[in-house]
Amino acid sequence: MSDRTPAAATAAPGTFPNLHVSGHPLVRHKVTLLSDERTDTKLFRELVRELTPLLLYEATADLPTTAIRYRTPLEETDGAQIDVRIGLVPILRAGLGLVEAAIDALPRAEVWHLGMYRDEATHRPVSYYNRLPERCPDDLVIVLDPMLATGGSASDAATVLKDWGAQWIKFVGIKAAPEGVALMASDHPDVQLYAASLDRELDANRFIRPGLGDAGDRLFGTGQG
Ligand code: PRP
């Protein structure tokens, strides 16, 4: 049945002022396909690639621009340019799925990697890779990770990035759980979160429900063995 409410995916609007959930039909369609258990690794990767620029489009809507004068082949006119230096920070491993499409959208962005996995027993993030240079050179740092579950990984990443000197941080993901959004609101209320879907809850294993399973495993075809 047709749902003609454009913002139907924006669950509980106003509940989480730090969260922007895309209500765009393309995003809602693609995240539905992505979450479907029948979606294989190849299609899963393609859908993550397709979702990334749509989410970045919304996440960068407030970038400041500088007015410039320039010439078309016919005359001088007014234009705009972005002078903001942007860093992309994918959280390994699943964040890698968003990187190439993000660079396509933001070709001058720098890419800094952080490696974290979530301990299966404690559900706490464990950091295993960080080669950030001494000082943050970017005006805006965009963290890329498809999943915001407990929010522990995103919160630790934001802490690391702030200690590094990042002044303006955004998080771009695909699925978010209310628990993770709430943790980020409490730990880092200045970090705006952008997601394709706000799901219902975390289960006892701290998996997002209904969720999409393990994003890293589905992206990289692991998890069968
Ligand atoms: C997943 C996901 C996030 C984290 C989210 O990574 O990609 O990084 O868990 O959970 P949290 O919000 O509770 O911290 P995972 O530990 O599965 O590692 P992977 O990316 O290497 O698969």
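Residues numbered from 1 in each chain as written. Predicted model: local features only at pLDDT ≥ 70, side-chain atom pairs only at ≥ 80, totals over all residues. Heavy atoms only, no water.

Right, let's get into the overall build of the protein chain. Secondary structure assignment for the protein chain yields six helices and 15 strands. By its C-alpha atoms, the protein chain is 60 × 50 × 35 Å across when sized along the principal axes. Within the protein chain, residue pairs in contact and separated by at least 24 positions form 64% of the contacts whose partners lie at least 6 positions apart. For the protein chain, the computed accessible surface area is about 12,100 Å², with 52% contributed by carbon and sulfur atoms. (Helix = DSSP H or I, 4+ residues; strand = E, 2+ residues; numbered from the N terminus. Contact = heavy atoms within 4.5 Å. Areas by Shrake-Rupley, 256 points an atom, 1.4 Å probe, with all protein chains shown as cover.)

Moving on, we come to the UniProt feature "domain: Phosphoribosyltransferase" (unreviewed entry) in the protein chain. The residues that UniProt annotates with the feature "domain: Phosphoribosyltransferase" (unreviewed entry) are residues 21–222. As annotated, residues 21–222 comprises 34% helix and 28% strand, and the C-alpha atoms at either end are separated by 28 Å. (UniProt positions renumbered as here; feature names shortened; annotations may be inferred.)

Neighbouring the ligand are 15 residues; Arg 118, Asp 145, Thr 150, Gly 151 and Ser 153 lie closest to it. Contact distances for the ligand include 3.0 Å between an oxygen atom and a side-chain N or O atom of Arg 93. With respect to the ligand, the backbone of Arg 118 contributes an N or O atom lying 2.8 Å from an oxygen atom. Relative to its unbound accessible surface of 500 Å², the ligand loses 90% to contact with the protein. Listed by contribution, the elements that provide at least two residues to the shell around the ligand are strand S6 (114–118), strand S9 (147–148) and helix H4 (152–164). Its residues assigned to classes, the shell around the ligand shows six nonpolar, five polar and four charged. (Near = heavy atom within 4 Å. Polar contact = N/O pair within 3.5 Å; in protein donor to acceptor, adjacent residues only side chain to side chain. Nonpolar A, V, L, I, M, F, W, Y, C, P; charged D, E, K, R; others polar.)

This part covers the packing of helix H1 (residues 25–35) against helix H2 (residues 41–59). Two numbers describe how H1 lies on H2: the axes approach to 10 Å, and their chain directions differ by 155 degrees. Judged on the interaxial angle alone, H2 and H1 are roughly antiparallel. Classified by chirality, the crossing of H2 by H1 is left-handed. Judged by residue contacts, Leu 26, Val 27, Lys 30, Val 31, Leu 33 and Leu 34 of H1 engage Phe 44, Leu 47, Val 48, Glu 50, Leu 51, Leu 54 and Leu 55 from H2. Per-class residue counts for the contact of H1 with H2 are 11 nonpolar, no polar and two charged. (Axes fitted to C-alpha atoms, helices over the stretch in contact; angles between N-to-C directions. Parallel < 35°, antiparallel > 145°, perpendicular 65-115°, else oblique. Left-handed = near helix turned anticlockwise from the far one by under 90°.)

Quick look at unusual backbone geometry now. Following Leu 92, the chain continues into Arg 93 via a peptide bond in cis, with omega recorded as 5 degrees. Relative to the helices and strands, Arg 93 resides in the loop between strand S4 (86–92) and helix H3 (96–105). Its identity as a non-glycine residue notwithstanding, His 123 has a phi of 65 degrees, on the positive side. The residue His 123 is located in the loop between S6 and strand S7 (125–130) in this model. Although it is not a glycine, Arg 206 sits at a positive phi angle of roughly 65 degrees. Position of Arg 206 among the secondary structure elements: in the loop between strand S14 (201–202) and strand S15 (208–209). Overall, the relative accessible area of 35% leaves Arg 206 in the partly exposed class. (Buried < 20%, exposed > 50% of the residue type's maximum accessible area, 1.4 Å probe, protein only.)

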